[in-house]
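Spelled out, the chains give:
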Amino acid sequence: MMKLLIPILFFGLWSAGCNDTPAGTKNTAATASAIVSTASKTASNQEEFDFDYLMGHFDPAKHPDFSKIEIPFADRAGMFLRKDAYEAFKKMHNAAQNEGVSLKIISAARNFDAQKGIWEAKWNGSRILSNGQNAAKAYPVAKDRALKILEYSAMPGASRHHWGTDIDLNNLSDQWFQQGEGKKIYAWLGKHAADFGFCQPYSAKNELRPEGYNEEKWHWSYMPISKKLTTLAQNKMKDSMITGFSGAETATEIGVLKKYVLGINQQCQ
């Protein structure tokens, strides 16, 4: 087991609560910024991350830095998130609720085994792709099949959901976020999420992000921790380390590290 370790700042649990902010408040951003500033100044603990953590080889339910997400903040029981990211989300959730916006976590931490289950189900065709295709039949060439699955799903060992910093909110359809309630939620997140430490890593593709996963308006990452893990991946991870599942041989051919793990919104780097 590789143990290349780097110290990273562990952000303490935030003490100020957005529950105390009256409905219709006009200073949500200022309040949140003050909370983030306070957390940054008071944090004193150091935590070490290794490749087992980076690549999801642990059980979030048994990890001391993870908490179970309560139903008011999630659409189902049994999901886990890092304690620091969870505290930040709860404050963001309450601030949004005070402005008539409902945020609900629909996916959180997924370790290597959970991601492997998703990937291999799509790989072998038992789980149909979002376009309605059976990948095993539609894409017989391994690289082509991997690239199609990579439009929205990460390879095991290469997912930000391993870290306990990343969440999917409300709905997994881009179209849903373009109208009605979804549009309102996305607009609120675009304006306020950064004040609570969250960033959208898979933004729209353009000249600054030409490769990687398709845009995911629902996917938000807790930057005080995920930024450090992104740096660890950039400095120490290699495509050859992404292994242990069907289709893993394509990781090096595709260049998954550069194009997908590091192919994120520059504001989240």
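Each remark here, short or long, concerns the structure printed above.
Keep in mind the model is a prediction, meaning the values are calculated, not measured. (Residues numbered from 1 in each chain as written. Predicted model: local features only at pLDDT ≥ 70, side-chain atom pairs only at ≥ 80, totals over all residues. Heavy atoms only, no water.)

It is worth spelling out the packing of aromatic side chains at this point. Think of a pair of aromatic rings as described by two things: how far the centres are apart, and how the planes are tilted against each other in angle. The final tally for this structure, using the stated rule, is 15 aromatic pairs. Between Phe 49 and Tyr 53, the ring centres sit 4.3 Å apart and the planes meet at 20 degrees, which makes this aromatic pair stacked. Relative accessible area serves as the criterion here: at 1%, Phe 49 is assigned to the buried category. Tyr 53 gets classed as buried once you look at its relative accessible area, which sits at 5%. Joined through ring pairs, the aromatic side chains of Phe 49, Tyr 53, Phe 58 and Phe 66 make up one cluster. (Phe/Tyr/Trp six-rings, centres within 6.5 Å; stacked < 30°, edge-to-face > 60°. Buried < 20%, exposed > 50% of the residue type's maximum accessible area, 1.4 Å probe, protein only.)

Looking now at unusual backbone geometry. The phi angle at Asn 170 is positive, at roughly 70 degrees, despite the residue not being glycine. Within the secondary structure, Asn 170 sits in the loop between β6 (166-169) and α7 (180-192). (Helix = DSSP H or I, 4+ residues; strand = E, 2+ residues; numbered from the N terminus.)

Okay, the packing of helix α4 (residues 112-124) against helix α6 (residues 142-149) next. At a minimum axis distance of 10 Å, the contact between α4 and α6 shows a crossing angle of 130 degrees. Relative to α6, α4 is oriented oblique. For the pair α4 and α6, the crossing hand works out as right-handed. Every residue of α6 that contacts α4 at Trp 119, Lys 122 and Trp 123 is listed here: Ala 142, Arg 145, Ala 146 and Ile 149. (Axes fitted to C-alpha atoms, helices over the stretch in contact; angles between N-to-C directions. Parallel < 35°, antiparallel > 145°, perpendicular 65-115°, else oblique. Left-handed = near helix turned anticlockwise from the far one by under 90°. Contact = heavy atoms within 4.5 Å.)

This part takes up the state of the cysteines. Under the criterion given, the structure shown has one disulfide. Two residues, Cys 199 and Cys 268, share a disulfide whose sulfurs are 1.9 Å apart. Here the S-S torsion is close to -80 degrees, and the disulfide linking Cys 199 with Cys 268 is therefore left-handed. Highlighted residues: Cys 199 in strand β7 (residues 198-199) and Cys 268 in the segment after α10 (256-261), separated in sequence by 69 residues. No difference in accessibility class separates Cys 199 from Cys 268, as the two residues are buried. (Disulfide = S-S within 2.5 Å.)

All told, the structure shown has nine salt bridges when counted by the stated rule. Ionic pairing is found between Lys 91 and Glu 87, a salt bridge with its closest N-O pair at 3.8 Å. Placement of the pair is Lys 91 and Glu 87 together in helix α3 (residues 83-97), with a separation of four residues, close to one helical turn. Lys 91 gets classed as buried once you look at its relative accessible area, which sits at 8%. We classify Glu 87 as buried; its relative accessible area is 17%. (Salt bridge = Lys/Arg side-chain N within 4 Å of Asp/Glu carboxyl O.)

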